[in-house]
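# Fold and geometry: a report
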Amino acid sequence: MADLPSDKVDEAKQVFEVFDKKYEGKVDSFYIGDMLRSLGLYPTQAECEKRGQTKKTGEKSIKVEEFLPIYSEFYKMPPKNFGTYEDFMEGLKLFDKESNGLMSLAELTQVLVAMAEKLDPQAVEEILRSTNTKDDAEGMFNYDVFVRALLQGPFPNEST
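Predicted model only: the values in this text are computed from it and were never measured.

Definitions and cut-offs
- Residues numbered from 1 in each chain as written.
- Predicted model: local features only at pLDDT ≥ 70, side-chain atom pairs only at ≥ 80, totals over all residues.
- Heavy atoms only, no water.
- Axes fitted to C-alpha atoms, helices over the stretch in contact; angles between N-to-C directions.
- Helix = DSSP H or I, 4+ residues; strand = E, 2+ residues; numbered from the N terminus.
- Parallel < 35°, antiparallel > 145°, perpendicular 65-115°, else oblique.
- Left-handed = near helix turned anticlockwise from the far one by under 90°.
- Contact = heavy atoms within 4.5 Å.
- Nonpolar A, V, L, I, M, F, W, Y, C, P; charged D, E, K, R; others polar.
- Phe/Tyr/Trp six-rings, centres within 6.5 Å; stacked < 30°, edge-to-face > 60°.
- Lys NZ or Arg CZ within 6 Å of the ring centre and 35° of its normal.
- UniProt positions renumbered as here; feature names shortened; annotations may be inferred.

### Comments concerning the packing of helix α1 (residues 6-19) against helix α4 (residues 64-76)
In contact at an axis separation of 10 Å, α1 and α4 are set at 125 degrees when each is read in the N-to-C sense. The angle between α1 and α4 places the two elements in the oblique class. Regarding α1 and α4, the two cross each other, and that crossing is right-handed. Here α1 contributes K8, V9, A12, K13 and F16 to the contact with α4, which in turn contributes V64, F67, L68, Y71 and Y75. Of the residues contributing to the contact of α1 with α4, the split by class is eight nonpolar, no polar and two charged.

### Let's talk about the packing of aromatic side chains
What the rule picks out here adds up to six aromatic pairs. Positioned above the aromatic ring of F19 is the side chain of K21, whose terminal nitrogen or guanidinium carbon lies 5.7 Å from the ring centre.

### Section: the UniProt feature "domain: EF-hand" (unreviewed entry) in the chain
Residues annotated by UniProt as "domain: EF-hand" (unreviewed entry) correspond here to residues 7-42 and 83-118. Segment residues 7-42 splits into 56% helix and 8% strand. End C-alpha atoms: 20 Å apart.

As C-alpha cells, this is what we get:
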C-alpha cells in the first residue's frame, strides 16, 4: 500500500488515527504537515499545500488512503530536501554580525515570525522553550547549539 514498508504504513495509520479527532476515518487537510512532522519528516508549508493541505481548518478532509501516497512521496525524498544542519547554519550565519557563533535572539524571533514560512509568536516561543534556547545578558545566543537541539528531536523538555 502506497509503496511503503509495512511498518511505515502501520506507523502512518497510527498517526492518522490520532489526528482523526471525530473517529470518522478522515482528517482535516489542514493537518497534513503536522501528520508528516509527527512521522519524523520536515516538509515546508508550501510543499504540503501543493499536496492538498489547506490554509484553514474545515475546508477539506482526507482519508488515510489519500494520506498514505502523500506520506510515501515525502518518505522517499532525500533528507537534503528538508534542510540539513549545514543549511540552517549557513542561513543563520547571515545574522552573525561578529562571526563568533552568536546572534540576537530577538532577531531570530523576528525572522521566524516575519519571513518565508511565517510562524506565529506562540510557535516561536514553543520552539525556543523546547530547545532550551535562552539569550545571554547581551541578548545573544549560540545558534550552533540551537540548530543541533532543533534537529535532534524529540525535544529534551517534552515529556514522553
